[in-house]
Amino acid sequence: MLMLEYKTITKIAGPLVFVELENASYAELVKIELENGETRTGRILEVSKDKAVVQVFEGTIESNLKAKVMPTGKGVELGVSLDMLGCVFDGLGNPISGKIIPEEKHDINGRPINPTARHNPADFIETGISGIDVMNTLVRGQKLPIFSGAGLPHNRLAMQIARQAAIPGKEESFAVVFGAIGITYEEAEYFANSLRKTGAIEHSVLFLNLANDPAVERVITPRMALTAAEYLAYDHDMHVLVILTDMTNYCESLKEISAARREIPGRRAYPPYMYTDLATIYERAGRIKGRKGSITQIPILTMPEDDITHPIPDLTGYITEGQIVFSRTLHSKHVYPPFDILKCLSRLAHLGVGEGKTREDHSKVSKKLYSSYAKGVELRELVSVIGEAALTPDDRKYLNMAKRFEKEFLGQKEDERREVGDSLGIAWDLFSELPGEELEDLKKYAEKYGKQDE
Amino acid sequence: MKASSTKETKTESNTSQGEILHISGPVVKARLPNARMFDLVRVGKLNLIGEIIEIEGEVATIQVYEETDGLYPGEPVLSTGSLLSVELGPGLLSSIYDGIQRPLESIRKAKGDFITRGVSLPGLDRKKKWKFKPLLKKGDTVGPGTPIGTVEDFIELKILAPPHMKKGKLESIKAGEFNVEEEVAVVSGQSIHLMERWPVRKARPSKKKFHPEIPLITGQRVIDTFYPLLKGGTACVPGPFGSGKTVIQHQLAKWADADIIVYVGCGERGNEMSDVLEELPKLTDPKSGKPLMHRTVLIANTSNMPVAAREASIYTGITIAEYFRDQGLNVALLADSTSRWAEAMREISGRLREMPSEEGYPAHLSSRLSEFYERAGHYETLGCGHGTISVIGAVSPPGGDFSEPVVQATLRITKVFWGLDANLAYSRHFPAINWLTSYSLYSDDEWWAKADSKFPENRKLATELLEREAELKEIVRLVGFESLPDEDKLVMKAAKLIREKFLQQSAFDPLDTYTKPEKQAQMLGAIVKYYESFKGALESGKKFDEVESVQKG
C-alpha cells in the first residue's frame, strides 16, 4: 500500500502531535519522520475527516512542524512467533537481543474473552510461599497483584514466585512474560539475571521500558507483553505467568497523556476512564474452555505513600481477583516476605483448595489463622494502652501466637520453597499455642494433623 | 397515534443515513440529518451498534457499544429509527447476554472465544419452536397485558398482549408450535406473537404501585434476621474491594426466594461471571428442586467489554425484570456494580465534554440512579395480578469512602443499607455486613411472628446486645475485660456468640451457605435462651467465672 506523507503538523503539545490529514482511522499506527531522518511511531487518539491527534510513543523531543506523518493503515501490532522465548524486547516490541521472524502479527489490544468461553480457574499453583499458598492461594488464570511501597522487596517476591511456581505433580510447558514499565536499569537487570541464573530465561520473554525510556511508550508495553502471553498460552498451550511492574508508572503515563489532551480529570487528576483502561489489561488473564494454556498475572504496583485508597491500588483491587499487600512495619522487623496478611486476599482461593487439590483441612486452617492473627493484632493495640498485665491468660496466648505467626509462618528465606503440607504443618504448630476451646471447629482434623501433646 | 401493530414500527421518516465525522473512543460524531434522540444506529462498514445521545444541527453524537478501533471518518452511519430495545419472550431464562442483549453463547458458537465486532444476533432464538397453549378463545375480550396463552420455558411462561395494544376482541388464536415471530393470535386486527420488543430506557406500564409487604428470604442470617429486604424493595450494598459485595450478590442470586433472578454483571470480572455460569446449573432451588439456572437470566458486560454497552446493561436488565413482573412473578434484580455503571456515564459524559459535577460524575447521575431504582417495586400488573421487582445494587466506592457521590445518591433512594466493612473482611468475618451502621427501613415483624411468636422480641434483644457490646468495647480498651462488672461480661460473651455463630456465615460451606427462616429463628432463640439462663444465674448471686466454668465443664 502506498504510504501517504503529511507535512501538515499544526501543533505539538507534550506527547501529542496535532496533524491535518485524510484517510486515517481511529487507533491507527502512524510513523513520524523527523527532519533529521529519525523515525518514530505513534497512535491516533482522535480523528476527524481532515485532522487527527497522534500520541507519539517516543516523545516529541526534537520534533517540529516540518516532521512528516505517515498513517500505516493498521493498528499497533506485535509480530509473534515461538522464537520470542529467550528474547528481550524494548517497550514497543522491537527486539533488543535475539532475532525473530514473526509468524503472525497480532493487534496489541487483543479482544475481550467471551464470558461464556472462560474456564473457571481451579488449578492450585504452589508458589512455595506459606503466606500465599495457605492463606491467599493462587490459581491458574488468576490475576493477583502485589501492592507494595517504595523500597519494599516486591521484585524479590515476584522473582521467587516466578522461580518456584509449579502445579504439584504436573510437568507442563510454561513460560514467563515479563513487562518492565518504567523501572530502573538495576531492577530490570535483577529480573533478567535471576531468570538467567535458573535457566528460566529460555522460557521467558522480556519487554523492557526503563525509567529513562519515553513515558508514553509505557501505555504500550503491558499490552505488548500480554499479546505475547496470549500467543504462547492460546496458540501454543503454555501456562504463562505474566509479571508487570510497575503499574504505578503505567497510570502516571495515562495521566500525562490525558492532561495533554486537556481531558476532564477524575479522582486525584487521573483520567475518569482509568478503571476501564486498567481492566483491558488485567482482564486478559484467564483460561479458555477447550484450550490448554492459561495466563496468570502478577502485576506489581507501588502505592504512593503506602496508601491503599489511592486510585491506582483502589481501581486495581476492584478489577483483580484479590491482592497481596506489603507492610512496611513487618519489613522493618526483617520479616520476608512482609505480607500485611489481613489486607491480603485471594478471591479464587476457594476454587483451588481442599481435598484432592491441597488438603482437606486447608480452608479451615486458613480461616483460623486469619481470625486468630486478627485477634492477636487487635490485642497488641490494647496492650499499648493497658499493658500486657491486664490481659487474660487466654489473650496472652493470642498475642504470642501472632508474634510466632509473623516470624515462623510468614517469614521464610528467599530461596526457601515450602510444600503446602509443610506450610499447613507450621500452622498446626502455631495452633497449639491457642486456648483449646478455640479450636473447636478444627476438631475434626486435629487428630490427624494437629501437634500431639506429649 | 395509531397503534396498529404490536411490533416496533420503523417509519420511513425516522431512518436516515449519514457519515462519520469524528471518532474519539466510544464517542462518534456523524452528519445524520433527522436524527432522533436515543435512536439505534449502525456505525461504519462493520455495522457497529450505537445510540444517539446528542444532536446539534445536522451533527449527531453517538455512543458506540463496540470498540471503534480502525473506524475511518467518512464511513456510513445508518439510523434505524427505533430505540434500543430488548426482545421479550420464551428463551430468556437460563440465557446469558451482553449489555445490549446479544446472546453470548450463540456469539461464541458463531465467532469463537473472543468477542468480535459488528455481530448481529437476535436476543431470542428465531428457529426454536415453542408449544403454545391458548388460555382464551375466539371472541374473548383482550386488553393490554391480558394473558392469552402459555408456553413451557422452564416455567409456565404466559404470553401477554403487549402493553401498548388496544383493547379488543380476539379474532383468532391457534394452538400449536410456533417460533417467536409467528403470529399466534389476532386482536381486532392487531397480531400477537410469542415475542415482543420493548425500549429499555422506558419503564413498562402497570396499573398501580403498592408498599412491599413480604420479606425476600435469602437464607443469609444477617440479612433475613437483622436487615431484611422485602419483595419489591430496594437495597444498596456498598463496600471497598475485597469486602464481599460480589459474594453477597452471588448468594442472593442462588438463594433468594424470588421466582426469577436477573443478574447484571456490570463492568465486573470475567472470572466471576464464569463462576456463576459454572455453579448455577449445579445448584438446585431449595423450593422447587429445579436447577437454579432455570430461573435466571444473566447479563454479563465485563469490565473489559465496551463501556457504552455497560451503560445500557442496567436498563436491559431491569426491562427483562419488568417483563417477568408483568407475568405476576416475584423478580429479584442484582446489579454488580452500579458504580461501574455510573463510571460508564462519567466516561461518556467526559468525552462529550459536559460540565462535570462532583468527582467528575455528570450532573444527571442522581436522577438516573433514582429512575432506575424506582422501576423496582410491588406492582399491580396490567393483567396478571401482583408482581414485584426487588433491586439489590452493589456499589464500589473509591477507597471504601461512603461519602462519595454514587453511594450517597443511592442511599437517598434505597430503603435497605448493607454496609460492608473492610475491617470485618480483614478478620474474615463474612458476610462483612457491619451490624452497627447497616439498616433496613422495612418492617416484617408480623411475618416472622407467624413462624415464631418470640422472634421479634429476640431480634430486638440481639440488636441491643450488639450495640451494647460496641460501647463496652471502648471501655475494655481502657481498663481491660477483667475489670468489667459481671453483667457486662455476659453482654460481651453473648454478643460474641451472636457475631460468631449467627452473623458469620460461610458462603462456601455447603451446609452453612443457606439457612431456612425457621432455623434462623431457632438459632437466635437458642442464643437468647443461653443469655437469659446465664443472666438468671448471675442474678441469683453466682459469679461470672463460676457460671462460665460450669458451662465449659
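Fair warning: this is a prediction, and the values are worked out from it, not measured in the lab.

A. Representation of the interface of chain B and chain A within the structure. Contacts between chain B and chain A engage 75 residues on the former and 72 residues on the latter. Counting each side, the surface lost to burial between chain B and chain A is near 6500 Å², with a carbon and sulfur contribution of 53%. When the area that chain B buries against chain A is broken down by residue, the three leading residues are B:Phe241, B:Asn271 and B:Arg428, summing to 13%. Between the two partners, chain B and chain A, sit four salt bridges. Residue assignment for the side of chain B that touches chain A shows that the elements contributing at least two residues are strand 1 (16–24), helix 1 (104–111), helix 4 (270–279), helix 5 (307–325), helix 6 (338–351) and helix 11 (455–479) of chain B. Considering each element in turn, the side of chain B that touches chain A owes the most residues, eight residues, to helix 4 of chain B.

B. Up close: the packing of helix 10 (residues 362–386) of chain A against helix 11 of chain B. The geometry of helix 10 of chain A relative to helix 11 of chain B is characterised by a closest axis approach of 7 Å and an angle of 55 degrees between their N-to-C directions. By the angle class used here, helix 10 of chain A and helix 11 of chain B are oblique. Residues A:Leu382, A:Val385 and A:Ile386 of helix 10 of chain A lie in contact with helix 11 of chain B, whose contacting residues are B:Val476, B:Arg477, B:Leu478 and B:Val479. The residue inventory of the contact of helix 10 of chain A with helix 11 of chain B, partitioned by class, reads six nonpolar, no polar and one charged.

C. Highlighting the packing of aromatic side chains. Taken as a whole, this structure holds 25 aromatic pairs over all chains when the rule is applied. Their ring planes at 75 degrees and their centres at 6.3 Å tell us that B:Phe132 and B:Phe178 sit as a pair that is edge-to-face. Here the residue B:Phe132 occupies a position in strand 9 (residues 130–134), and B:Phe178 occupies one in strand 14 (residues 176–178), the gap between them amounting to 46 residues. By the ring-pair criterion, three or more aromatic residues cluster together here, those being B:Tyr315, B:Trp341, B:Phe372 and B:Tyr373. Sitting over the ring of A:Phe18, A:Lys11 keeps its end group 4.7 Å from the ring centre. Seen from the ring of A:Tyr273, B:Arg351 lies directly overhead, with NZ or CZ sitting 5.2 Å from the centre.

D. Up close: the sheet that holds strand 13 (residues 168–173) of chain B. Residues and elements named next belong to chain B. A sheet is described by the order of its strands in space; here four strands give the open sequence 10-13-15-16, paired in antiparallel fashion. Edge positions in the open sheet fall to strand 10 (141–142) and strand 16 (190–193), since each of these has one partner strand only. Alignment of strand 13 against strand 15 (residues 183–187), held across three bridges, turns out to be antiparallel. Paired with Leu170 across the strands is Val187, a residue of strand 15.

E. Here's a closer look at helix 2 (residues 154–164) of chain A. Within helix 2 of chain A, nine of the eleven residues are buried, which leaves it mostly tucked inside the rest of the structure. On its buried face, helix 2 of chain A sits against helix 1 (130–133), strand 13 (146–148), helix 3 (185–197), strand 16 (239–245) and strand 18 (294–302) of chain A.

F. Quick look at the domain arrangement of chain B. All names here are of chain B. For chain B, the domain assignment lists domain 1 (10–82), domain 2 (88–112 + 207–443), domain 3 (130–194) and domain 4 (450–552). Distance between the C-alpha centres of domain 2 and domain 4: 33 Å. With 20 residues of domain 2 in contact, the opposing surface of domain 4 contributes 23 residues. Our enumeration of links across domain 2 and domain 4 arrives at one salt bridge. For Arg221, the salt bridge goes to Asp512, with nearest N and O atoms at 3.1 Å.

G. Geometry of the sheet that holds strand 14 of chain B. Residue and element names in this part refer to chain B. Across the sheet, which stays open at both edges, the four strands sit in the order 12-11-9-14 with antiparallel pairing between neighbours. Each edge of the open sheet carries a strand with a single partner, namely strand 12 (155–160) and strand 14. Neighbour-to-neighbour, the strand axes of the sheet open up by a mean angle of 40 degrees, direction not taken into account. The pairing of strand 11 (residues 147–153) with strand 12 spans six bridges and is classified as antiparallel. What sits directly across from Pro147, in strand 12, is Leu160.

Here is what the cut-offs are and how they apply
- Residues numbered from 1 in each chain as written.
- Chains lettered and ligands numbered in written order.
- Predicted model: local features only at pLDDT ≥ 70, side-chain atom pairs only at ≥ 80, totals over all residues.
- Heavy atoms only, no water.
- Contact = heavy atoms within 4.5 Å.
- Buried area = accessible area lost by both parts, 1.4 Å probe.
- Salt bridge = Lys/Arg side-chain N within 4 Å of Asp/Glu carboxyl O.
- Helix = DSSP H or I, 4+ residues; strand = E, 2+ residues; numbered from the N terminus.
- Axes fitted to C-alpha atoms, helices over the stretch in contact; angles between N-to-C directions.
- Parallel < 35°, antiparallel > 145°, perpendicular 65-115°, else oblique.
- Nonpolar A, V, L, I, M, F, W, Y, C, P; charged D, E, K, R; others polar.
- Phe/Tyr/Trp six-rings, centres within 6.5 Å; stacked < 30°, edge-to-face > 60°.
- Lys NZ or Arg CZ within 6 Å of the ring centre and 35° of its normal.
- Pairing = 2+ DSSP bridges.
- Buried < 20%, exposed > 50% of the residue type's maximum accessible area, 1.4 Å probe, protein only.
- Domains from an automatic or database assignment.

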